[in-house]
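The chain contents come next:
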Amino acid sequence: MKKRILLYLICLPVIFAFASCKKDWLDVKSDKGLSVPQNPADFQAILDNPNTLNRLYSYVGNSGTDNIFINDADAGTLLEYELSLYLWEKNIPWINEISIQWAYPFTVIECANIVLDGLQKNGQSNEETSNIKGQAHFYRAYAYYSAAQVFCPQYESQSANTALGLPLRTLPDVNILSQRSNLQEVYNLIISDLNQASYLLPGTASYHTRPLKVSALAMLARVYLNMQDYQNAKLYADSAISLKSALIDFNDPSQVSNSMSFKFKANGVGNPEIIFYAFKSLSIFETGFLGQGIQVSPELYNLYEDNDLRKTYFFGKSGSRLNFVGSYTGARPDFSGIGTNEVYLIRAEASARLNLLSQARTDLNKLLSLRYKTGTAPSITEDNQLALLRTILKERRKELPRTGNTRWEDLRRLNLDPNFAKTLTRTYKGEQYSIEPNSPRYVLPIPNNEIRMSGIIQNQR
């Protein structure tokens, strides 16, 4: 059943693309070769479906972060697996033993593999096919990275060769069963794909949903930061910012305003910070509107000063409820792409860890000057490395509270450092729940349906 659903999701954009070319898909084709993508236009059509390639990335990490709060009454309305995620329980009862969190990224991966395989068989080599190939490599890397952050342990160089990774699928046949690789092999594929994408992708695109060269460079900076390779994180952040450095001034009503339904420009169109546009599928954990049960944790909200415009535009109150409302999607779904704001924060953190404190302060002060009411931004002057790192990480949490799984990813990687490790706690119906630093519950269980079908090893929690 899962494979049939997967194939339908993969083929749907191709059907739409061919239908737009007035091909009659109701006719029975005697030549099966006519029913599969064969030329660059077909492959681009697969990649241009925003409901697949720009949408199917994990959001589930946010359910387990310290950025959200759910009162007892609202928690009681959650589905069983949602409540289990929120409370960090050992067993997660995925619905019908299937998880879209697992299926979605592999749908993206299969789409990318269909395109890469088709391009190879097609044999054309020109600017158009190079661009399409670069997009496919980027999407595959993005999907593998997304899945690794919830279904694999945090990357550590000394253990990555033995830690369990993901099934590495680089061929389009979904019936080929692959066992789990080690974690180092997953990251090797991600980096290889992104490097190829950075060489193949153009500097501009006809549609804002397509990845560009700067998208691949920014993603490399994110990946290397996650790997604690700060030299490379800074190197690729430098490269990305050299191509795209614009930041929004939150004092500019043409860019961010309470008159806009979701504070920012609809669908990210015209937002100068967006490097790669992606959004999350709607769920109870990933919708931004007033009155919903998923609230902002008081701890997070209290980090913002009154003159900090992020406090105004990221959040909203409805009665006693404090909700997330502002998103770079300019819509209800949360943004799960990459923006220049994140890249500046990556470079600031990498610089601080490399003891390049002046450079770190410059990047952080530049960002903050555009986030506070004009003339009220604090001037960061810390000349102690650890103190500056604490400030950068606090601002990172404040800047990206609902961007992808950023807070979840940060908790995982920062737990490796005793200076930043944190135990999280919640109370539900008078009982306290907690998750310790480096707990195996920071790695989610693979759905049992996948275990039965492929025989891969389950995560231990």
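Up top you'll find the structure we're talking about.
Calculation criteria
- Residues numbered from 1 in each chain as written.
- Predicted model: local features only at pLDDT ≥ 70, side-chain atom pairs only at ≥ 80, totals over all residues.
- Heavy atoms only, no water.
- Axes fitted to C-alpha atoms, helices over the stretch in contact; angles between N-to-C directions.
- Helix = DSSP H or I, 4+ residues; strand = E, 2+ residues; numbered from the N terminus.
- Parallel < 35°, antiparallel > 145°, perpendicular 65-115°, else oblique.
- Left-handed = near helix turned anticlockwise from the far one by under 90°.
- Contact = heavy atoms within 4.5 Å.
- Nonpolar A, V, L, I, M, F, W, Y, C, P; charged D, E, K, R; others polar.
- Phe/Tyr/Trp six-rings, centres within 6.5 Å; stacked < 30°, edge-to-face > 60°.
- Buried < 20%, exposed > 50% of the residue type's maximum accessible area, 1.4 Å probe, protein only.
- Lys, Arg positive; Asp, Glu negative; His and termini not counted.
- Salt bridge = Lys/Arg side-chain N within 4 Å of Asp/Glu carboxyl O.
- Polar contact = N/O pair within 3.5 Å; in protein donor to acceptor, adjacent residues only side chain to side chain.
- Expected span 1.5 Å × (residues − 1).
- Arc of directions from axis to C-beta.

The next thing to look at is the packing of helix α5 (residues 100–122) against helix α6 (residues 127–151). In contact at an axis separation of 9 Å, α5 and α6 are set at 155 degrees when each is read in the N-to-C sense. Looking at the two axes, α5 sits roughly antiparallel to α6. Taken as a pair, α5 and α6 cross one another with a handedness that is left-handed. From α5, Gln101, Trp102, Pro105, Phe106, Val108, Ile109, Ala112, Asn113, Val115, Leu116 and Leu119 reach across to α6, where they touch Thr129, Ile132, Lys133, Ala136, His137, Tyr139, Arg140, Ala143, Tyr144, Ala147 and Phe151. Among the residues forming the contact of α5 with α6, the class breakdown is 16 nonpolar, four polar and two charged.

Another aspect to go through is the packing of α6 against helix α8 (residues 213–226). Here α6 crosses α8 at 25 degrees, and the two axes come no closer than 11 Å. Taken as axis vectors, α6 and α8 run roughly parallel relative to one another. Here α6 runs over α8; the crossing is left-handed. On α8, the residues touching Phe138, Tyr142, Tyr145 and Gln149 of α6 are Ser215, Ala216, Met219, Arg222, Val223 and Asn226. The residue inventory of the contact of α6 with α8, partitioned by class, reads six nonpolar, three polar and one charged.

Describing an aromatic ring pair means giving the distance of the ring centres and the angle of the ring planes. Applying the stated criterion to the full structure yields 24 aromatic pairs. An angle of 70 degrees between the planes, with centres 4.9 Å apart, marks the rings of tyrosine 142 and phenylalanine 276 as edge-to-face. With tyrosine 142 in helix α6 and phenylalanine 276 in strand β4 (residues 274–276), the pair connects residues that are 134 residues apart, well separated along the chain. Like phenylalanine 276, tyrosine 142 is buried. Residues tryptophan 408 and tyrosine 442 carry aromatic rings whose centres are separated by 5.0 Å and whose planes lie at 45 degrees to one another, so their mutual orientation is tilted. One end of the pair, tryptophan 408, is in helix α15 (residues 406–414); the other, tyrosine 442, is in the loop between β10 (431–435) and α16 (448–454), with 34 residues separating them in the sequence. Neither tryptophan 408 nor tyrosine 442 differs from the other in exposure class; each is buried.

Before going further, it helps to spend a moment on the side chain of arginine 412. Its location among the elements puts arginine 412 in helix α15. Buried and unpaired, arginine 412 has glutamate 409 as its nearest opposite-charge partner, separated by 7.4 Å. Engagement of the side chain of arginine 412 in a polar contact is seen with the backbone oxygen of tyrosine 442, the distance being 3.0 Å. Apart from residues lying up to four places away in sequence, arginine 412 is in contact with Ala148, Gln149, Cys152, Pro153, Gln154, Tyr442 and Val443.

Moving on: helix α13 (residues 357–369). Over its 13 residues, α13 extends 18 Å from the first C-alpha to the last, a length consistent with the 18 Å expected when each residue adds 1.5 Å. Where α13 is concerned, the buried positions are Leu357, Ala360, Asp363, Leu364, Leu367 and Leu368. Angularly, the buried residues of α13 cover 135 degrees about the axis, an arc narrow enough to put them on a single face. Taken together, the buried residues of α13 touch α11 (309–313), α12 (340–353) and α14 (385–399).

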